[in-house]
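# Chain and residue survey
Letter by letter, the chains look like this.
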Amino acid sequence: MNARGALDIAQMGIQIAIMVSLPTLIVTLFIGLAVSIFQAMTQVHEMTLTYVPKLLGVAVVLGFTGNWILQKLVGFMILCFENISRVSQ
């Protein structure tokens with residue numbers, strides 16, 4: 001394996017990491033924004049109010065996208081294991 005192949009695998013790894021984490025990050029961002037707006041409107045500034053909706057939102061997103069995430073991660077790991085034999089060449 002040459003340097004170009006290693007860079008391609010590293011780039012693919014970064015892309016997969018972004019693709020896998022993006023759904024949960026987006027949902028957490030929007031839920032946090034909604035809770036912040038709710039707290040600003042009602043003047044209820046309870047710190048624990050943000051945790052439960054975010055946890056529920058992440059659980060729902062992982063329930064819907066968990067299979068896809070697992071397929072992406074397993075596919076990338078198979079690709080990495082296939083290329084391990086080429087490292088010494």
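Refer to the structure presented above.
These remarks concern the structure in this document. Computed from a predicted structure; not experimentally measured. (Residues numbered from 1 in each chain as written. Predicted model: local features only at pLDDT ≥ 70, side-chain atom pairs only at ≥ 80, totals over all residues. Heavy atoms only, no water.)

### What about helix α1 (residues 3-42)?
- For α1, built from 40 residues, the straight-helix expectation of 58 Å at 1.5 Å per residue is met to within 8% by its first-to-last C-alpha distance of 57 Å.
- What α1 keeps buried is the set Gly-5, Ile-9, Gly-13, Ile-16, Val-20, Thr-24, Ile-31, Gly-32, Val-35 and Gln-39.
- Where α1 is buried, its residues contact α2 (51-84).
- Positive phi appears at Gln-43, one or two residues downstream of α1, with a value of about 55°. (Helix = DSSP H or I, 4+ residues; strand = E, 2+ residues; numbered from the N terminus. Expected span 1.5 Å × (residues − 1). Buried < 20%, exposed > 50% of the residue type's maximum accessible area, 1.4 Å probe, protein only. Contact = heavy atoms within 4.5 Å.)

### What to know about α2
- Relative to the 50 Å expected for 34 residues at 1.5 Å per residue, α2 spans just 41 Å between its end C-alpha atoms, considerably shorter than the ideal helical length.
- Of all the bends in α2, the greatest, near 60°, is centred on Thr-65.
- Among the residues of α2, Gly-57, Val-61, Ile-69, Phe-76, Cys-80 and Asn-83 are the ones counted as buried.
- Of the surrounding secondary structure, the elements contacted by the buried residues of α2 are α1. (Bend = angle between axes of the 7 residues up to and from the residue.)

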